[in-house]
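# Tertiary structure, described
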Amino acid sequence: MRDFKEAVKNRRSIYALGKKIPVLQTEIIAAVERMTKEVPSPFNMQSARVIVAMKEHHENVWDITESALKKIVPADKFEPTKKKIDSFAAGYGTILFFEESDTVYNMQKKFPNYAENFPIWASHANGMLQFAIWTELENMGLGVNIQHYNPLIDDDIRKVFDVPGSWDLVAQMVFGEKLEDAKPIDKISIDSRVKIFK
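On a predicted model such as this, the values are computed, not experimentally measured, just so you know. (Residues numbered from 1 in each chain as written. Predicted model: local features only at pLDDT ≥ 70, side-chain atom pairs only at ≥ 80, totals over all residues. Heavy atoms only, no water.)

## Considerations on helix α4 (residues 78-89)
Here α4 spans 16 Å end to end across 12 residues, near enough to the 16 Å set by a 1.5 Å rise per residue. Restricting attention to buried positions, one finds in α4 the residues Phe78, Ile85 and Phe88. Projected down its long axis, α4 shows its buried positions confined to an angular sector of 80 degrees, all on one face. Along α4, exposed side chains directed more than 90 degrees from the buried face belong to Pro80 and Lys83. The secondary structure elements touched by the buried residues of α4 are α3 (56-70), β4 (142-147) and β5 (167-178). (Helix = DSSP H or I, 4+ residues; strand = E, 2+ residues; numbered from the N terminus. Expected span 1.5 Å × (residues − 1). Buried < 20%, exposed > 50% of the residue type's maximum accessible area, 1.4 Å probe, protein only. Arc of directions from axis to C-beta. Contact = heavy atoms within 4.5 Å.)

Structure (structure tokens):
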């Protein structure tokens, strides 16, 4: 297991994924449950919801996505899209991230002075959860990437996974066996991003 700094540094988008994962399913489930419980949220509202889809359930996510995209991408241009979707389906699992809208609405009613901020804060908290789970999965030796095919797939995901009406889909995190390392990326100067006053 890497330390936190190294895990954050190595948390990159990996698109070449396979199904021979180096950890047990139970370890993945435990990591997702642990992060979902421990990652903070504004006013402790805990509005994030998660579905972990593995094996055929994972493949269902990408069958749904392919079907949705076939409706909007011209047939003569669909092949690159299909290859992309197939690369996600080749992984081991997908974590679906949601926001529970009733929770956010109830917080808006309870604290009207902050009402307009609760959806923003909920989004921030969901992003922190995604980052925490992604980093934890990277730390376990898995390859991970994140996708955003909502709202195209929302209705079918809702039906297939029996998702409550108040859960709004926000992201799809694909994970699996890491078949290649991430390519180097350029980072802009830290001096242009951080100001220090001492």
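## Focus: the environment of His58
Tracing the chain through its elements places His58 in helix α3. Using a relative accessible area of 0% as the deciding quantity, one classes His58 as buried. In the structure, His58 is positioned 35 residues away from Gly93 in sequence and 5.0 Å away in space, judged by C-alpha atoms. Ignoring anything within four residues of it in the chain, the contact list for His58 reads Lys19, Ala53, Phe88, Ala89, Gly91, Tyr92, Gly93, Thr94 and Val174. Within the structure, the side chain of His58 is placed 3.1 Å from the backbone oxygen of Ala89, a separation counted as a polar contact. (Polar contact = N/O pair within 3.5 Å; in protein donor to acceptor, adjacent residues only side chain to side chain.)

## What to know about the pairing of β4
Within β4, 6 of the 6 residues are buried, which leaves the element mostly enclosed by the surrounding structure. Both faces of β4 are covered, namely the face carrying Leu142, Val144 and Ile146 and the face carrying Gly143, Asn145 and Gln147. Where β4 meets β5, 6 bridges bridge the pair, whose relative direction is antiparallel. Bridge pairing in β5 links Gln147 to Gln172. (Pairing = 2+ DSSP bridges.)

## Re a nonpolar patch on the surface
Among the surface-exposed residues, Ile190, Val194 and Ile196 lie close enough to one another that they form a single nonpolar patch of about 300 Å² accessible area. Relative to the helices and strands, Ile196 is located in the segment after β5. Take Ile196: its relative accessible area is 61%, and that puts it in the exposed class. (Patch = residues over 30% accessible without salt bridge, like charges linked within 9 Å, V, L, I, M, F, W, Y side chains within 5 Å. Areas by Shrake-Rupley, 256 points an atom, 1.4 Å probe, with all protein chains shown as cover. Salt bridge = Lys/Arg side-chain N within 4 Å of Asp/Glu carboxyl O.)

## Some words on the pattern of salt bridges
For the structure shown, the criterion picks out 7 salt bridges. Note that Lys178 is salt-bridged to Glu138, the shortest N-O span being 3.1 Å. Highlighted residues: Lys178 in strand β5 and Glu138 in helix α6 (residues 118-139), separated in sequence by 40 residues. On the basis of relative accessibility, which here comes to 27%, the residue Lys178 falls in the partly exposed class. Since its relative accessible area comes to 2%, Glu138 is described here as buried. Note that Glu180 is salt-bridged to Lys183, the shortest N-O span being 3.7 Å.

## Focus on the nonpolar core
Most often, soluble globular proteins have nonpolar side chains that are buried together. Counting residues in hydrophobic clusters, the biggest one holds 24 residues, and the most contacted among them are Ile28, Ile95, Ile133, Leu137, Met173 and Phe175. Where this core is concerned, the elements lending two or more residues are α2 (25-38), β2 (48-54), β3 (93-100), α6, β4 and β5. Ranked by residue count, the leading element in this core is α6, at 5 residues. Residues contacting Met173, with those up to four places away along its chain left out, are Gly93, Thr94, Ile95, Phe97, Gln130, Ile133, Trp134, Leu137, Val144, Asn145 and Ile146. Counting residues in hydrophobic clusters, the runner-up holds 23 residues, among them Ile14, Ile51, Tyr149 and Val174. (Core = buried A, V, L, I, M, F, W, Y, C linked by side-chain atoms within 4.5 Å.)

## What to know about the environment of Tyr114
By the secondary structure assignment, Tyr114 is in the loop between α5 (101-110) and α6. For Tyr114, a relative accessible area of 39% puts it in the partly exposed group. Sequence separation of Tyr114 and Glu79 is 35 residues, and the distance between their C-alpha atoms is 47 Å. Discounting residues that sit within four places of it in the chain, Tyr114 has contacts with Phe43 and Trp121.

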